[in-house]
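Listed here are the chains, written in short residue letters.
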Amino acid sequence: MARKTIAPARAITGAVEVPGDKSISHRYAILAALAEGRSEIRHFSTAEDCRRTLDCLRRLGVHIASEKDTVRIAGTGLAGLRRSRRALDAGNSGTTMRLLAGVLSGQPFGSTITGDDSLRHRPMGRVIEPLARMGAQIRARDGGFAPLEIRGGRLRPIEYTLPVPSAQVKSAILLAGLYAEGATSVIEPVRTRDHTELAVGEFGAHLERFDQTIRIHGGARLEARQLVVPGDISSAVFFLAAALLLPESNLLIHNVGLNPTRTAVLDALATMGAPLSLVSVHGSSGELLGDIAVRHAPLDGGVISGAAVPLLIDELPMLAALGPYTEHGIEIRDAQELRVKESDRIAALAENLRRMGAQVEERPDGLRVTGRAAGRLQGAEIDAHGDHRIAMALAVAALAAEGESVIRNAECVVVSFPDFFTTLDRLLER
Ligand code: S3P
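These numbers come from a predicted model, not from an experiment.

## Regarding the overall build of the protein
Point 1. When you go through the protein residue by residue, the secondary structure sums to 12 helices and 24 strands.
Point 2. Relative to its length of 430 residues, the protein is compact, with a C-alpha radius of gyration of 21 Å against a globular reference of 22 Å.
Point 3. Principal-axis analysis of the C-alpha atoms gives the protein an extent of 60 × 45 × 40 Å.
Point 4. Here the protein holds 430 residues, and 59% of them are scored as buried.
Point 5. Sequence separation of 24 or more characterises 76% of the internal contacts of the protein that already satisfy a separation of 6 or more.
Point 6. Taken as a whole, the protein presents about 15,600 Å² of accessible surface, with 47% of it coming from carbon and sulfur.

## Brief notes about the packing of aromatic side chains
Aromatic ring pairs are reported here in terms of the distance separating the ring centres and the angle at which the planes meet.
Point 1. The full count for this structure, using the stated rule, is six aromatic pairs.
Point 2. In this structure an aromatic cluster arises from ring pairing among F238, F239, F417, F420 and F421.

## Some remarks on the pairing of strand β15 (residues 250-257)
Point 1. Of the strand pairs in this sheet, strand β2 (residues 11-17) and β15 are connected by five bridges, and their pairing is parallel. Of the residues in β15, the one forming a bridge with V16 is I253.
Point 2. As paired strands, β15 and strand β17 (residues 287-295) are joined by six bridges and run antiparallel to one another. Bridging across to β17, N250 finds its partner in R295.

## Observations concerning the sheet that holds strand β11 (residues 183-187)
Point 1. Read across the sheet, four strands follow the order β10-β11-β13-β12 without closing on themselves; strand pairing throughout is mixed. Across the chains shown, the open sheet's two edge strands, defined by having one partner strand only, are β10 (159-161) and β12 (207-210). When the angles between neighbouring strand axes are averaged without regard to direction, this sheet yields 15°.
Point 2. Sheet topology note: the β12/strand β13 (residues 213-217) ladder contains four bridges and is antiparallel. Looking at β13, one finds that R209 is bridged to I214.

## Quick word on empty space enclosed by the protein
Point 1. For the coordinates displayed, the defined rule picks out one cavity of 30 Å³ or more.
Point 2. One number sums up the size of the largest cavity: a volume of about 40 Å³.
Point 3. Around the largest cavity, the lining residues are D21, I24, H195, P230, I233, G257, L258, N259, R262, E287 and L288.

## Points about unusual backbone geometry
Point 1. Geometrically, the link from A146 to P147 is a cis peptide bond, its omega value of 0° lying close to zero.
Point 2. Following the sequence through the fold, P147 ends up in strand β9 (residues 145-151).
Point 3. Positioned with a positive phi, K68 is a non-glycine residue whose angle comes to about 50°.
Point 4. As for its placement among the helices and strands, K68 is situated in the loop between β4 (63-67) and β5 (70-76).

## So, the site of the ligand
Point 1. The local shell around the ligand consists of S23, R27, T95, R98, S166, A167, Q168, R193, I313, D314 and K341.
Point 2. Within the backbone of Q168, one N or O atom sits 2.9 Å away from an oxygen atom of the ligand.
Point 3. Its free accessible area being 380 Å², the ligand has 94% of it covered by the protein chains.
Point 4. Counting atoms within 2 Å of the grid points, the majority share of the ligand lands in the largest pocket.
Point 5. Only α1 (22-34), α3 (94-104) and α5 (167-177) provide two or more residues apiece to the shell around the ligand.
Point 6. Taken domain by domain, the shell around the ligand gets at least three of its residues from each of domain 1 (3-20 + 230-429) and domain 2 (22-228).

## Some words on the layout of surface pockets
Point 1. Of the volumes computed, that of the largest pocket is approximately 570 Å³.
Point 2. In terms of lining, the largest pocket is formed by 35 residues, of which the most central are P165, S166, I313, D314 and K341.
Point 3. Ranked by residue count, the leading element in the lining of the largest pocket is α1, at four residues.
Point 4. Split by domain, the lining of the largest pocket shows at least three residues from each of two domains, domain 1 (3-20 + 230-429) and domain 2 (22-228).

## Examining the packing of α3 against α5
Point 1. Following both chains from N to C, one finds α3 and α5 inclined at 25°, their axes separated by 6 Å at the closest point. In terms of their interaxial angle, α3 and α5 are classed as roughly parallel. Between α3 and α5 the crossing geometry is right-handed. Residues G94, T95, R98, L99, G102 and V103 of α3 form the contact with α5, whose own contacting residues are Q168, S171, A172, L175 and A176.
Point 2. Of the residues assigned to the contact of α3 with α5, the class counts are five nonpolar, five polar and one charged.

## Some words on helix α7 (residues 233-245)
Point 1. Compared with the 18 Å implied by 1.5 Å per residue over 13 residues, the 18 Å span of α7 between its first and last C-alpha is a close match.
Point 2. Burial of α7 is extensive: 13 of the 13 residues sit out of reach of the surface.
Point 3. Between a side-chain oxygen at the N-terminus of α7 and the backbone nitrogen of S234 the separation is 2.9 Å; the capping residue is D232.

## Description of the domain arrangement of the protein
Point 1. Per the domain assignment, the segments of the protein are domain 1 (3-20 + 230-429) and domain 2 (22-228).
Point 2. For domain 1 and domain 2, the distance between their C-alpha centroids amounts to 29 Å.
Point 3. On the side of domain 2, 29 residues touch domain 1, which itself brings 29 residues to the contact.
Point 4. In this assembly, domain 1 packs against domain 2 so that about 2,400 Å² is buried in total across both faces, 49% of it on carbon and sulfur atoms.
Point 5. Taken together, domain 1 and domain 2 are joined by three salt bridges.
Point 6. A salt bridge links E337 to R126; the nearest nitrogen and oxygen atoms lie 2.8 Å apart.
Point 7. Seen at the junction of domain 1 and domain 2, the total is 15 residue pairs in polar contact (both at pLDDT 80 or more).
Point 8. When its residues are assigned to classes, the side of domain 1 that touches domain 2 shows 11 nonpolar, nine polar and nine charged.

What counts and how
- Residues numbered from 1 in each chain as written.
- Predicted model: local features only at pLDDT ≥ 70, side-chain atom pairs only at ≥ 80, totals over all residues.
- Heavy atoms only, no water.
- Helix = DSSP H or I, 4+ residues; strand = E, 2+ residues; numbered from the N terminus.
- Rg over C-alpha atoms; globule rule 2.2 N^0.38 Å.
- Buried < 20%, exposed > 50% of the residue type's maximum accessible area, 1.4 Å probe, protein only.
- Contact = heavy atoms within 4.5 Å.
- Areas by Shrake-Rupley, 256 points an atom, 1.4 Å probe, with all protein chains shown as cover.
- Phe/Tyr/Trp six-rings, centres within 6.5 Å; stacked < 30°, edge-to-face > 60°.
- Pairing = 2+ DSSP bridges.
- Axes fitted to C-alpha atoms, helices over the stretch in contact; angles between N-to-C directions.
- 1 Å grid on protein atoms, 1.4 Å probe; cavity = no way out; pocket = protein on both sides within 12 Å on 5 of 7 lines; lining within 4 Å.
- Points joined across faces, edges and corners; volume = space filled by probe spheres on them.
- Near = heavy atom within 4 Å.
- Polar contact = N/O pair within 3.5 Å; in protein donor to acceptor, adjacent residues only side chain to side chain.
- Sits in = over half its atoms within 2 Å of the grid points.
- Domains from an automatic or database assignment.
- Parallel < 35°, antiparallel > 145°, perpendicular 65-115°, else oblique.
- Left-handed = near helix turned anticlockwise from the far one by under 90°.
- Nonpolar A, V, L, I, M, F, W, Y, C, P; charged D, E, K, R; others polar.
- Expected span 1.5 Å × (residues − 1).
- Buried area = accessible area lost by both parts, 1.4 Å probe.
- Salt bridge = Lys/Arg side-chain N within 4 Å of Asp/Glu carboxyl O.

Here it is, written out as structure tokens:
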């Protein structure tokens, strides 16, 4: 599927379940590998990114069986990983590389971890710096880019204040902290997703949170668990947005993860006038999940900035692409991190939305997309720049445009949601 044609649609209706949350799947897999005993993880993400994490763990000597979306992992214990003779390949996955960098820093052997062209250009200095302070020796291309050569060893605990709000960096340090003698503290001045903290607690490590400080105690014994991964809210958002845009829509999305550090997108949409309701909310292994009901409604638009940004960072492409359909447009500020994701998402959004006829002002830390007054979007040829979220966000915007759009290299959606287009086609009414 090199090129995907998107024809306008009238409605999206029915019920859908999205794949397991990508962030949580990575963490459960890594912690299950480091635990003692056999873990079973159900509704594990089908994303290529999570498959990369499983492959890297296999190369480190972990036995993993996967069948559909159930993964069984025979944990090796904290000290049981083995050196991989070949370089570990994280593919497109920043989470795989950064979280595993934390684990590899605690190993008594050397490892190399690399990734695809996009990942080799993403900043790794942000994990190298704290992990080096803990005692790991890490060599990187040009000082801050993959491939990373990591010589692990005995780690010392640190107290580290995150200079950029990043759950990946926080998690790398906490995972390395499992190997340090004593208590490692991470201070996060701006809140980010807390799946690592919740999962580490579930697997039995000793972790505390006071205000902005998270403290983990090294040397704990992790115990195997039976877990179910909630649906990925970052994937669900594409269906939510489609339902809001298409006039006769009425959609129910089952079992979506509703961890409060991930639901800022629901607050943002509700503030803009989206009629969302949450049904059957319940807890599972420390995470919250429930069903989201949504139907079509006009959206006001608005400004997204400040502390909200890290809490909806992966949903910003979809929010920006809704901009031209809103009354007042959408403005995104304080989101310079978008420039170092799987693509430069600010540039990719501005370029593609303009191709569709939107009025966009691109800024160093975000963009302003003019609302409905600038006219209806026109079908166009979209270049997703190999970025799954750009491909899916523009595909949804294209459903409400005039005329067909074509998404080039649309197969990049496998990174987070391999069945995205078939699922979408099943629910659409034209
Ligand atoms: C993730 C954290 C976020 C997010 C990424 C997944 C995670 O990145 O953009 O898609 O699983 O921890 P940063 O922590 O680098 O902001």
